[in-house]
Amino acid sequence: MPHSEPLRLHVPEPTGRPGQTTDFSYLRLSPAGEVRRPEVDVTPVDTRDIAYSLIRVLDEHGNAVGPWAPDISIETLRAGMRAMMKTRIFDSRMLIAQRQKKMSFYMQSLGEEAIGAAQAMALNRDDMCFPTYRQQSILMARDVPLHGLICQLMSNEGDPLKGRQLPVMYSIKEAGFFSISGNLATQYIQAVGWAMASAIKNDTKIASAWIGDGATAEADFDTALTFAHVYHAPVILNVVNNQWAISTFQAIAGGENTTFAARGVGCGIASLRVDGNDFLAVYAASKWAAERARSNLGPTLIEWVTYRAGPHSTSDDPSKYRPLDDANHFPLGDPIARLKQYLINQGAWSEQEHEDTQKELEAMVIAAQKEAEKFGSLADNHVFSPAEMFEDIYEQMPEHLRQQRQQLGI
Ligand SMILES: Cc1ncc(C[n+]2csc(CCOP(=O)(O)OP(=O)(O)O)c2C)c(N)n1
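Residues numbered from 1 in each chain as written. Predicted model: local features only at pLDDT ≥ 70, side-chain atom pairs only at ≥ 80, totals over all residues. Heavy atoms only, no water.

Our focus in this paragraph is the site of the ligand. Neighbouring residues of the ligand: 15 residues in total, closest Y133, R134, G182, G214 and W244. Residue W244 places a main-chain N or O atom 2.7 Å away from an oxygen atom belonging to the ligand. (Near = heavy atom within 4 Å. Polar contact = N/O pair within 3.5 Å; in protein donor to acceptor, adjacent residues only side chain to side chain.)

Following this line, the structure appears as structure tokens:
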């Protein structure tokens, strides 16, 4: 048949712009408990249906249902609750500090707290995470001291990174938290290499790689999948699909009419798609993937479906490109509220305990901030000496850097 119609370029658009309401029916959702749980030695291609479904454990009444309901102690869940609450409180305090000009920049993880926290609790402490700038919940779950983080944020004289990095770009080797880089996606392939090294050394540690939906469009994402597949690297390949990459909707990163989990299947990697706001599902899927990796069964890709409830960063105003109350309409709700309901149903939490914990953690963050501010903040210019700028570029300072330092007279 001859075609006479002119060709049209397709440019994906979000269904909701400012002043409108998002139609979230584009998300492929499954009811809690519905998706099957294969054995960990499943052949990757046999996870295809799961890559297009959504693993969920908590139903709308806060009950844990189905084959993915994890074997997890109430103590671990209570610790998870605290880690998520601490993350959210830390974020909101640091946002204020940024507005007070005590730091130049900040990035919240509002709405995404369950993902990093639950995976951190499913891993061993010496498994290495290769995070983006939005996995501070891993640090909270691993109980990293807050005052060092705040010194980094304030670029002050106590900053472990000596003021060389943008706030939030932490580097905490002892907590298995790889140095964050501003260059999107670079850490994904580095995680695979780290996992390969662990296998080469016949070690038992695994790696956990992190990327956002937007950054999957970077070439390093595909390279990482190829290497992970070829060498059966012991790595968990996490894709946090929070629907947005700054002002860009996930459809324009390649999410329209498909899923990010499906990318893994195409590369021969076992892949799961999971409710990222369901702490129990995150824990269960992370455990499953960790067991695969530790048993030499290879990598697992997990797409976490969630919603970036806050602005991209303190330099962003989402009201310019999406509906104001979008997060309230997101069908997977809020991760803290959902775990809270579950724990209350179990008789393991209460409104009173929630309030008390909130106050206790707020006091902890405020105390840490006070401690950090003893080293100054950006507002009072207590920063590292400029002489530090020339250190650590190479292991030994070369002559030309020594001369540049001398030119500054420091
Ligand atoms: C290589 C590269 N390109 C562009 C940027 C600018 N940039 C910073 S964050 C961001 C959006 C990333 O979105 P996503 O991967 O979805 O993660 P999210 O911020 O939603 O957590 C962009 C484009 C960058 N830092 N590095």
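After presenting the structure, the write-up continues.
Turning to the sheet that holds strand 2 (residues 207–212), a few remarks are in order. Reading across from one edge, 1-2-3-7-6 is the order of the 5 strands in this open sheet, with parallel pairing throughout. Across the chains shown, the open sheet's two edge strands, defined by having one partner strand only, are strand 1 (128–130) and strand 6 (270–275). When the angles between neighbouring strand axes are averaged without regard to direction, this sheet yields 20°. Examined bridge by bridge, strand 3 (residues 235–241) and strand 7 (residues 300–305) share 6 bridges and lie parallel to one another. Across the sheet, I236 pairs through a bridge with T300, a residue of strand 7. On top of the sheet, helix 3 (residues 113–122) reaches strand 2, strand 3 and strand 7; it is set at about 175° to strand 2, its chief contact. Where helix 9 (residues 279–294) meets the sheet, its contacts fall on strand 3, strand 6 and strand 7, and the angle it forms with strand 7 comes to roughly 170°. (Pairing = 2+ DSSP bridges. Helix = DSSP H or I, 4+ residues; strand = E, 2+ residues; numbered from the N terminus. Axes fitted to C-alpha atoms, helices over the stretch in contact; angles between N-to-C directions. Contact = heavy atoms within 4.5 Å.)

Let's shift gears to the UniProt feature "domain: Dehydrogenase E1 component" (unreviewed entry) in the protein. UniProt's entry tags residues 81–374 with the feature "domain: Dehydrogenase E1 component" (unreviewed entry), counted in the numbering of this structure. For residues 81–374, the helix share is 45%, the strand share is 11%, and the end-to-end C-alpha distance is 30 Å. (UniProt positions renumbered as here; feature names shortened; annotations may be inferred.)

This brings us to the environment of V42. Looking at the element boundaries, V42 is found in the segment before helix 1 (48–51). Among all residues touching V42, those that are not within four sequence positions of it are T47, W288 and R292.

Right, let's get into unusual backbone geometry. Even without being glycine, S155 reaches a positive phi, approximately 50°. Looking at the secondary structure, you find S155 in the loop between helix 5 (146–154) and helix 6 (186–200). When its relative accessible area of 10% is taken as the criterion, S155 is described as buried. The backbone phi angle of Q243 is positive, close to 75°, even though this residue is not glycine. Mapped onto the elements of the fold, Q243 is located in the loop between strand 3 and strand 4 (244–245). Judged by relative accessible area, which is 0%, Q243 ranks as buried. (Buried < 20%, exposed > 50% of the residue type's maximum accessible area, 1.4 Å probe, protein only.)

Glancing now at the environment of P234. Here P234 is to be found in the loop between helix 7 (219–231) and strand 3. What makes P234 buried here is its relative accessible area of 7%. Between the alpha carbons of P234 and L54 there is a distance of 23 Å; along the sequence they are 180 residues apart. The residues contacting P234, other than those within four sequence positions of it, are A195, M196, A199, I206, A207 and A293.

Counting across every chain of the model gives 26 salt bridges. When the shortest N-O distance is used, the salt bridge between R88 and E113 registers 2.8 Å. With a gap of 25 residues between them, R88 in helix 2 (residues 74–99) and E113 in helix 3 connect regions that are remote in the sequence. Judged by its relative accessible area of 0%, E113 falls in the buried class. D203 is paired through a salt bridge with K205; the nearest N and O atoms lie 3.0 Å apart. For D203, a relative accessible area of 34% puts it in the partly exposed group. The exposure class assigned to K205 is partly exposed, which follows from its relative accessible area of 24%. (Salt bridge = Lys/Arg side-chain N within 4 Å of Asp/Glu carboxyl O.)

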